[in-house]
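# Notes for the structure review
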Amino acid sequence: MPYFPSGQDRDFSVCKVLADLFCAILLGTFSIVFFGWVGGIVAFVILEACLIGLDWLIPSGDDAAGVVR
């Protein structure tokens, strides 16, 4: 799934980036509060890697049927 599909305008793209930054700050804060500094940073990196991987695996409407990435 492309992060910025061709049908989006500039305002929607800016809002999408700001929402992602807010969520990353919130997840990072929760990770540090629950697991301490070192554990929080490790948990945040693992969580973000999983979210990026999941984002990459979800098919887009532009992909041909049966495409395996």
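Refer to the structure presented above.
We now turn to the structure provided with this report. Computed from a predicted structure; not experimentally measured. (Residues numbered from 1 in each chain as written. Predicted model: local features only at pLDDT ≥ 70, side-chain atom pairs only at ≥ 80, totals over all residues. Heavy atoms only, no water.)

## Focus: the packing of aromatic side chains
By the definition in use, this model includes 1 aromatic pair. Ring centres of Phe30 and Phe34 lie 6.3 Å apart, and the angle between their planes is 45°; on these two criteria the pair is classed as tilted. Separated by 4 residues within a single helix, Phe30 and Phe34 lie in helix H1 (residues 10–57), roughly one turn from each other. Relative accessible area serves as the criterion here: at 43%, Phe30 is assigned to the partly exposed category. Residue classification places Phe34 among the exposed residues on the basis of a relative accessible area of 62%. (Phe/Tyr/Trp six-rings, centres within 6.5 Å; stacked < 30°, edge-to-face > 60°. Helix = DSSP H or I, 4+ residues; strand = E, 2+ residues; numbered from the N terminus. Buried < 20%, exposed > 50% of the residue type's maximum accessible area, 1.4 Å probe, protein only.)

## A look at the side chain of Ser31
You can see Ser31 is positioned in helix H1. Of the polar contacts made by the side chain of Ser31, one reaches the backbone oxygen of Leu27; its length is 2.9 Å. Those residues in contact with Ser31, other than ones at most four positions away along the chain, are Gly36, Gly40, Ala43 and Phe44. (Polar contact = N/O pair within 3.5 Å; in protein donor to acceptor, adjacent residues only side chain to side chain. Contact = heavy atoms within 4.5 Å.)

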